[in-house]
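Descriptive analysis of the structure
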Amino acid sequence: MASKVLSGVFLEPERPGSRPTSALRINGDRSLQASMSRMPKFEIDMSEYGAKTGPIGPKVVHLHDLGVLKTTSWKMPGPSPAGLLLTLNDVGTSCDMAIAKTIYEAAVRGDAAVVAEACARLAPPPAEGEEAPPKLFPKIEDVYGLQPLSLAAGSGHVEAVVALLDAGADVNAVQPVGRGEAALHRAARSGHAAVITTLLERGAAPNVASADGARPLHLAAHRGQSEAAAALLAVEATGYDATDLCGRSPLLMAAEGGHVPLLVQLLDRGANANHADDNGWTALLLACKGQHADAVELLYSRGADMSAMTKGGRTAQMLAPAIVAAHR
């Protein structure tokens, strides 16, 4: 059977009678030499990674339960870069690398005044009596594909975010490599509610998906960022039951960490208490796995099924017998 390729992840072909529980990927975290000797080699075009095409010995990452999870390796190919390496596409502006570096570094620091001053140099002012041309913002990226807006948003620099947006920065730009996140993802992960509100008011897509299908609400839920989640849920279009590539909803992410306030927010909004991911894990089962008694109690009181079972046969009773016993 031919190998299946998803976002740079090479999945092991199924063997008769075997469970597809592992994924092959370049730069995997672990290598099992014994397993590698039994696995096929692949001819992979490595030109995008700066290497010649040739047979690659796959590395193995074991996954939980049945089914191969669709996943992405976030590692950059090759050694980590040193220093600041920027790429620039000036899209018709007067930006040069010196201005780009100034904008980038000011965004990281949150220096809105320097951002605004540098952005004002991107295009000459219109001549008297002429209309101002449409605002064009250069595409400034570091080696990880991160742009000034995403960096400012992830650090909670609201004024710098506003300055960049006023200058024409793309509010929905995503990383072309790595996690494929937008500014809204980074603000949600770090819990910057004011930045989230600003981005949404300026046209950010509330359900923008990263490379692994995660929405900003997934990241807020995973980190237990209640204020960030509230800012996202304030927008009616936000998908409170949206799923990533593994079928996980924000409720599952919150349950795994035992983030009760966030569970309440999602359930009050209408999240499905019995949604299961691609491997059959429900929010209640994940809360049991983490021994989060308060989360289990809340989910059970909101209609979560205590008899749910994963595809691997795990039940709440197996995962947290003491917690389950308290509800009998």
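Per an unreviewed UniProt entry, the protein chain is named Ankyrin repeat-containing protein, and its organism is Chrysochromulina tobinii.

Let's shift gears to helix α3 (residues 112-119). Within the sequence span of α3, burial applies to Ala112, Val115, Ala118 and Cys119. Viewed end-on, α3 has its buried residues packed into an arc of 130°, placing them on one side of the element. Pointing more than 90 degrees away from the buried face of α3 are the exposed residues Ala113 and Glu117.

The subject of this paragraph is the nonpolar core. Ile103, Leu164, Ile196, Leu199 and Leu299 are the most contacted members of the largest nonpolar core, which totals 75 residues. Among all residues touching Ile103, those that are not within four sequence positions of it are Val115, Ala118, Cys119, Leu122, Phe137, Ile140, Pro148 and Leu164.

Our next topic: the UniProt feature "repeat: ANK" (unreviewed entry) in the protein chain. The UniProt feature table records "repeat: ANK" (unreviewed entry) at residues 144-176, 179-211, 212-245, 246-278 and 279-311. End C-alpha atoms of residues 212-245 are separated by 6 Å, and the span's content is 47% helix alongside 0% strand. End C-alpha atoms of residues 246-278 are separated by 6 Å, and the span's content is 52% helix alongside 0% strand.

In this section: empty space enclosed by the protein. Counted by the stated rule, this structure contains 2 cavities of 30 Å³ or more. The space that makes up the largest cavity amounts to roughly 70 Å³. Forming the walls of the largest cavity are Phe137, Gln147, Pro148, Leu149, Ser150, Ala169, Asp170, Val171, Asn172, Ala173 and Ala183. Looking at which element gives the most residues to the lining of the largest cavity, the answer is helix α4 (residues 148-154), with 3 residues. When the residues that make up the lining of the largest cavity are grouped by side-chain class, the tally is 7 nonpolar, 3 polar and 1 charged.

Residues of helix α11 (residues 260-269) that are buried: Leu262, Leu263, Leu266, Leu267 and Arg269. Buried positions in α11, seen along its axis, are confined to an arc of 160° and lie on one side of it. Turned more than 90 degrees off the buried face of α11, the exposed positions are Pro261 and Asp268. Check the buried side of α11 and you find it contacts α8 (216-223), α9 (226-233), α10 (250-256) and α13 (293-301). Phi turns positive one or two residues past the end of α11, at Gly270, with a value near 120°.

What counts, and where the lines are drawn
Residues numbered from 1 in each chain as written. Predicted model: local features only at pLDDT ≥ 70, side-chain atom pairs only at ≥ 80, totals over all residues. Heavy atoms only, no water. Buried < 20%, exposed > 50% of the residue type's maximum accessible area, 1.4 Å probe, protein only. Helix = DSSP H or I, 4+ residues; strand = E, 2+ residues; numbered from the N terminus. Arc of directions from axis to C-beta. Core = buried A, V, L, I, M, F, W, Y, C linked by side-chain atoms within 4.5 Å. Contact = heavy atoms within 4.5 Å. UniProt positions renumbered as here; feature names shortened; annotations may be inferred. 1 Å grid on protein atoms, 1.4 Å probe; cavity = no way out; pocket = protein on both sides within 12 Å on 5 of 7 lines; lining within 4 Å. Points joined across faces, edges and corners; volume = space filled by probe spheres on them. Nonpolar A, V, L, I, M, F, W, Y, C, P; charged D, E, K, R; others polar.

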